[in-house]
Amino acid sequence: MSDAASRKPGTTTVAAESDRDETALNVRLAGGPGPVDPADVVAADAAAREFVARHEQATHRPQGEEIGRALVVVVDDEAAHGEDQRLLGPLVSELLAEAGFHVDAAVVVSGDEVEIRNALNTAVIGGVDLVVSVGGVGVGARDVTPEATEPLLDRRLRGIEEAVRSSGLAAGATDGGLSRGLAGISGQTLVVNLANSRAAVRDGMATAAPLAKYVIESISEF
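Source: prediction; values computed, not measured.

## Description of the overall build of the protein chain
- Helix and strand counts for the protein chain come out as 10 helices and six strands.
- Considering only contacts in the protein chain between residues 6 or more positions apart, those separated by 24 or more positions represent 74%.
- For the protein chain, the exposed surface amounts to about 12800 Å²; the carbon and sulfur share of it is 54%.

## Some thoughts on the sheet that holds strand β3 (residues 130-134)
- Pairing is mixed in the open sheet, where six strands are placed in the order β2-β1-β3-β6-β5-β4. Each end of this open sheet is capped by a strand with a single partner; those strands are β2 (101-109) and β4 (155-156).
- With four bridges connecting them, strand β5 (residues 183-186) and strand β6 (residues 189-194) associate as antiparallel partners. When the sheet's bridge partners are listed, Gly184 is paired in β6 with Val191.
- Its contacts with the sheet place helix α6 (residues 113-125) against β1 (68-75), β2, β3, β5 and β6, and it is angled at close to 175 degrees to β1.

## A short note on the environment of Leu194
- Structurally, Leu194 is set in strand β6.
- Beyond its immediate sequence surroundings of up to four residues, Leu194 is in contact with Val132, Ser133, Val134, Gly135, Val137, Val164, Val201, Gly204 and Met205.

## Quick word on the packing of helix α8 (residues 158-171) against helix α10 (residues 198-220)
- With their axes 8 Å apart at the nearest point, α8 and α10 run at an angle of 155 degrees to one another. Between α8 and α10, the angle falls in the class roughly antiparallel. Crossing of α8 against α10: the hand is right-handed. Here Ile160, Ala163, Val164, Ser167, Gly168 and Ala171 of α8 lie close against α10, whose contacting residues are Asp203, Gly204, Thr207, Ala208, Leu211 and Val215.
- Class assignment of the residues belonging to the contact of α8 with α10 gives a composition of seven nonpolar, four polar and one charged.

## Focus on the packing of helix α5 (residues 89-99) against α10
- Direction vectors running N to C along α5 and α10 enclose 30 degrees, while the axes themselves pass 10 Å from each other. If you check the angle between α5 and α10, you find them roughly parallel. The handedness of the crossing between α5 and α10 comes out as right-handed. Residue-level inspection shows Leu91, Val92, Leu95, Leu96 and Ala99 of α5 in contact with α10, the latter providing Arg198, Val201, Arg202, Met205, Ala209 and Lys213.
- Broken down by class, the residue content of the contact of α5 with α10 amounts to eight nonpolar, no polar and three charged.

## What about the nonpolar core?
- If you look at the biggest cluster of nonpolar residues, it comprises 30 residues, and the most contacted ones within it are Val92, Leu96, Phe101, Leu130, Val132, Val201 and Met205.
- Put simply, the parts of the chain that give this core at least two residues each are β1, α5, β2, β3, α8, β5, β6 and α10.
- Counting residues per element, this core draws most heavily on α10, at eight residues.
- Excluding residues that lie within four positions of it along the chain, Leu96 makes contacts with Ala70, Val72, Phe101, Val103, Leu130, Val132 and Met205.
- In terms of nonpolar packing, the next biggest core, distinct from the first, is built from 17 residues, Val73, Leu120, Val131 and Val191 among them.

## A few points about the pattern of salt bridges
- One pass over the structure, following the stated rule, counts eight salt bridges.
- The closest approach of N and O atoms between Arg180 and Glu147, which form a salt bridge, is 2.9 Å. Separated by 33 residues along the polypeptide, Arg180 in the loop between α9 (174-177) and β5 and Glu147 in helix α7 (residues 145-149) bring together distant segments of the chain.
- What makes Glu147 partly exposed here is its relative accessible area of 33%.
- One continuous salt-bridge network, built from bridges that share partners, spans Glu150, Arg156, Glu161, Glu162 and Arg165.

Basis of the calculations
Residues numbered from 1 in each chain as written. Predicted model: local features only at pLDDT ≥ 70, side-chain atom pairs only at ≥ 80, totals over all residues. Heavy atoms only, no water. Helix = DSSP H or I, 4+ residues; strand = E, 2+ residues; numbered from the N terminus. Contact = heavy atoms within 4.5 Å. Areas by Shrake-Rupley, 256 points an atom, 1.4 Å probe, with all protein chains shown as cover. Pairing = 2+ DSSP bridges. Axes fitted to C-alpha atoms, helices over the stretch in contact; angles between N-to-C directions. Parallel < 35°, antiparallel > 145°, perpendicular 65-115°, else oblique. Left-handed = near helix turned anticlockwise from the far one by under 90°. Nonpolar A, V, L, I, M, F, W, Y, C, P; charged D, E, K, R; others polar. Core = buried A, V, L, I, M, F, W, Y, C linked by side-chain atoms within 4.5 Å. Buried < 20%, exposed > 50% of the residue type's maximum accessible area, 1.4 Å probe, protein only. Salt bridge = Lys/Arg side-chain N within 4 Å of Asp/Glu carboxyl O.

Structure below.
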């Protein structure tokens, strides 16, 4: 009698299933509870590579390609009354343009909570991708930008807030390091508060701009 004829019914099926189980058993997650299908591992690896490649492309955009629209709000009592022409608005606008944003405008408001909130809210309603406010984040009586900003935010982004403060301290921009400024998402708009010295603005923009690109891209994916 041949070997094939001598096998009991179902033996071939059991052997095939055993071989397949052994293959799956060879691929396990570290500390995982059971076998992982090799096909799932390949698919997960491919998805991770695609994610990394997509965000690397976003980071290295062609020169001149715009990331989104931005608006600048300068909070300054003297500037709001025309008494000081040394505005930081042009500096922020220049830094935003260098980072790849189209700047719709730079508006100036006094250190009044209602005025600041209205300016920020107008920008959000206008659909800009990023609003950068400058000033009003210290400990003075007229420093109320955080109080004006917080009610508008749907989600706080404390990582950006802490990154700006840490970078400011490391760069020697004391007002940037001690800033009470907030960062967060309002609707489809990212809002970031910066201190109003030139050092704090330059350092804050250098820190916040790359993070803003990532956040804006993430928002646009939904």
